[in-house]
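Next come the chains, spelled out residue by residue.
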Amino acid sequence: MRRTLMFLAAALISLPLWAMHCPQDMAKIDALLQSDPPADPDVLARVKELRAEGEALHKAGDHNESVKVLGEALDLLSASE
């Protein structure tokens, strides 16, 4: 029982950390798009789409999915370098 309570407490404490991670990822994507956008228009369009989806998920409170989607956008940006 004690372990379960500790796990739940840790999970609840970590939720705001996930929420704070989304804006950082969005800012990083915005900065990369501003300073070094991908040359491939398809990649650029996909990154913008993922960034918008990530922001919508963040605003809806689905931070885990937002982090995944924004991470995919960051991966595309780093692969296009």
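Along each chain, the written sequence defines residue order, and numbers are assigned to residues from 1. In keeping with the model being predicted, local features are shown solely for residues with a pLDDT of at least 70 and side-chain atom pairs are shown and tallied solely at 80 or more, while totals for entire chains, interfaces and linings include all residues. Values reported for side chains reflect all heavy atoms of the structure, with hydrogen atoms and water molecules removed beforehand.

### What to know about the overall build of the protein
Argument step 1. Secondary structure elements are defined from DSSP: runs of H or I of at least 4 residues count as helices, runs of E of at least 2 residues count as strands, and each element is numbered from the N terminus. Helix and strand counts for the protein come out as three helices and zero strands.
Argument step 2. Ordering the α and β elements of the protein from the N terminus gives α-α-α.
Argument step 3. Summary of the burial criterion: residues with accessible area below 20% of their type's maximum are buried, those above 50% are exposed, and those between are partly exposed, where the area comes from a 1.4 Å probe applied to protein chains only. Evaluated residue by residue, the protein yields a buried proportion of 27% over its 81 residues.
Argument step 4. Put simply, of all contacts in the protein between residues at least 6 apart along the chain, 64% involve residues at least 24 apart.
Argument step 5. Accessible surface area values rest on a Shrake-Rupley calculation with a 1.4 Å probe, where residue burial reflects the displayed protein chains alone. When the accessible area of the protein is evaluated, it comes to approximately 5,700 Å², of which 62% is carbon and sulfur surface. By the convention used here, residues are in contact when the closest approach between their heavy atoms is within 4.5 Å.

### Quick word on helix α3 (residues 63–79)
An α-helical turn contains 3.6 residues, so any two residues separated by three or four positions project in the same direction.
Argument step 1. In this scheme, a helix's expected span is set at 1.5 Å multiplied by one less than its residue total. Here α3 spans 24 Å end to end across 17 residues, near enough to the 24 Å set by a 1.5 Å rise per residue.
Argument step 2. Every buried residue of α3 is listed here: His63, Ser66, Val67, Val69, Leu70, Ala73, Leu74 and Leu77.

### Quick look at the environment of Ser66
Argument step 1. Along the chain, the position of Ser66 falls in helix α3.
Argument step 2. Classification of Ser66 as buried rests on a relative accessible area of 0%.
Argument step 3. Taking the C-alpha atoms as reference points, Ser66 and Gly54, 12 residues apart in sequence, are found 4.5 Å from one another.
Argument step 4. Setting aside chain neighbours within four positions, we find Ser66 in contact with Cys22, Gly54, Leu57 and His58.

### A look at the environment of Gly54
Argument step 1. Within the secondary structure, Gly54 is located in helix α2 (residues 41–60).
Argument step 2. For Gly54, a relative accessible area of 0% gives the class buried.
Argument step 3. Between the C-alpha atoms of Gly54 and Val69, which are 15 residues apart in sequence, the distance is 5.5 Å.
Argument step 4. With residues up to four places along the chain from it excluded, the contact list for Gly54 reads Ser66, Val69 and Leu70.

### Looking at the nonpolar core
Argument step 1. Here, nonpolar core means buried Ala, Val, Leu, Ile, Met, Phe, Trp, Tyr and Cys residues that are tied together by side-chain atoms lying within 4.5 Å of each other. One finds Cys22, Ile29, Leu33, Val47, Leu70, Ala73 and Leu77 to be the most contacted residues of the largest nonpolar core, which totals 14 residues.
Argument step 2. Among the secondary structure elements, those contributing two or more residues to this core are α1 (2–35), α2 and α3.
Argument step 3. If one sorts the elements of this core by residue count, α3 sits on top with six residues.
Argument step 4. Residues within four places of Ala73 in sequence aside, it is in contact with Ile29, Val47 and Leu50.

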